Amino acid sequence: MYWTEFLTVALIHLLAVASPGPDFAVVVRESVTHGRRAGTWTALGVGTAIFLHVGYSLLGIGLIVSQSIVLFNALKWAAAAYLLYIGFKALRAQPAKPVADDLHKEAGERTARGAFTSGFVTNGLNPKATLFFLSLFTVVINPHTPLAVQAGYGIYLAAATAVWFCLVAMLFSQQRVRAGFARMGHWFDRTMGAVLIAIGVKLAFTEMH
């Protein structure tokens, strides 16, 4: 009965999650710099944060945030500040040591908790994600759809997001790919830092429509 609605939700989500953004940038950076384990935990953090968006969308809190300029700006500036922080941190990257030693060292430095938190915070504080889920649960999904069914959509969205970014982590953490990026050494970190800063600045100037 709800298959058509579900397929619409799945298609919209696929288009949204495949678009490069803060989540993609942070998963790629963690995967290349720290390896598959860190990249996977970051992906799981991003996926878990989806439950946060789904939760407040179902409770109607997202509607309150979307109508309050103060709350929206607070969320927006918190997200921008976080992205700028990790971006400037990456810009300070120093020339790497020999590739093999550096990759093993980096892989051992990142904890699962740190990687997971990085992904969770990046997605959880993204006001664009707030607006996306708000529009999804108020415009695309019929308000008369049973709450249990809507919750089921939410579980799918979280799982699909985690799986997608786990695949991204798997791709960018391959030894050949990492070795290729590692040859660029600190320039890769600095480039990713610039990307994160650019996203943070763009986010800071996002207006509520």
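Residues numbered from 1 in each chain as written. Predicted model: local features only at pLDDT ≥ 70, side-chain atom pairs only at ≥ 80, totals over all residues. Heavy atoms only, no water.

The chain is annotated in an unreviewed UniProt entry as LysE family transporter from Pseudomonas hormoni. Its UniProt record gives the chain the following Subcellular location (unreviewed entry) comment, quoted word for word: "Cell membrane". (UniProt positions renumbered as here; feature names shortened; annotations may be inferred.)

(A) Highlighting the side chain of Ser173. Inspection of the secondary structure puts Ser173 in the loop between α9 (147-172) and α10 (175-182). When its relative accessible area of 7% is taken as the criterion, Ser173 is described as buried. Within the structure, the side chain of Ser173 is placed 3.1 Å from the side chain of Arg36, a separation counted as a polar contact. Once residues lying within four places of it in the same chain are set aside, the contact partners of Ser173 are Ser31, Gly35, Arg36 and Arg178. (Helix = DSSP H or I, 4+ residues; strand = E, 2+ residues; numbered from the N terminus. Buried < 20%, exposed > 50% of the residue type's maximum accessible area, 1.4 Å probe, protein only. Polar contact = N/O pair within 3.5 Å; in protein donor to acceptor, adjacent residues only side chain to side chain. Contact = heavy atoms within 4.5 Å.)

(B) Local environment of the packing of helix α3 (residues 36-59) against helix α7 (residues 112-124). Relative orientation of the contacting elements α3 and α7 amounts to 40 degrees, with a least axis distance of 7 Å. When the interaxial angle is binned, α3 and α7 end up oblique. Of the two possible hands of crossing, α3 and α7 adopt the one that is right-handed. Together, Arg37, Ala38, Trp41, Thr42, Leu44, Gly45, Val46, Thr48, Ala49, Ile50, Leu52 and His53 of α3 and Ala112, Ala115, Phe116, Gly119, Phe120, Asn123 and Gly124 of α7 make up the contact between the two elements. (Axes fitted to C-alpha atoms, helices over the stretch in contact; angles between N-to-C directions. Parallel < 35°, antiparallel > 145°, perpendicular 65-115°, else oblique. Left-handed = near helix turned anticlockwise from the far one by under 90°.)

(C) Local environment of helix α2 (residues 22-34). Under the 1.5 Å per step criterion, the end-to-end length of α2 is 18 Å for 13 residues, consistent within 8% with the ideal 18 Å. Counted residue by residue, α2 has 12 buried out of 13 residues, so it is predominantly covered. Buried within α2 are the following residues: Pro22, Asp23, Ala25, Val26, Val27, Val28, Arg29, Glu30, Ser31, Val32, Thr33 and His34. Positive backbone phi, at 100 degrees, marks Gly35, one or two positions downstream of α2. (Expected span 1.5 Å × (residues − 1).)

(D) Region of interest: the side chain of His13. If you trace the backbone, His13 turns up in helix α1 (residues 3-17). For His13, a relative accessible area of 5% gives the class buried. When neighbours within four sequence positions are excluded, His13 is seen to be in contact with Phe132, Leu157, Ala160 and Thr161.

(E) Representation of the UniProt feature "transmembrane region" (unreviewed entry) in the chain within the structure. UniProt's entry tags residues 41-63, 70-88 and 153-172 with the feature "transmembrane region" (unreviewed entry), counted in the numbering of this structure. Helix makes up 100% of residues 153-172 and strand 0%. Its end C-alpha atoms lie 29 Å apart.

(F) Inspection of α3 at higher detail. Compared with the 34 Å implied by 1.5 Å per residue over 24 residues, the 35 Å span of α3 between its first and last C-alpha is a close match. Once α3 ends, the next one or two residues include Gly60, with phi positive near 90 degrees.

(G) Region of interest: the environment of Trp41. Examined against the element boundaries, Trp41 turns out to sit in helix α3. Here the alpha-carbon distance between Trp41 and Phe116, two residues 75 residues apart in the chain, equals 4.8 Å. Residues within four places of Trp41 in sequence aside, it is in contact with Ala112, Ala115 and Phe116.

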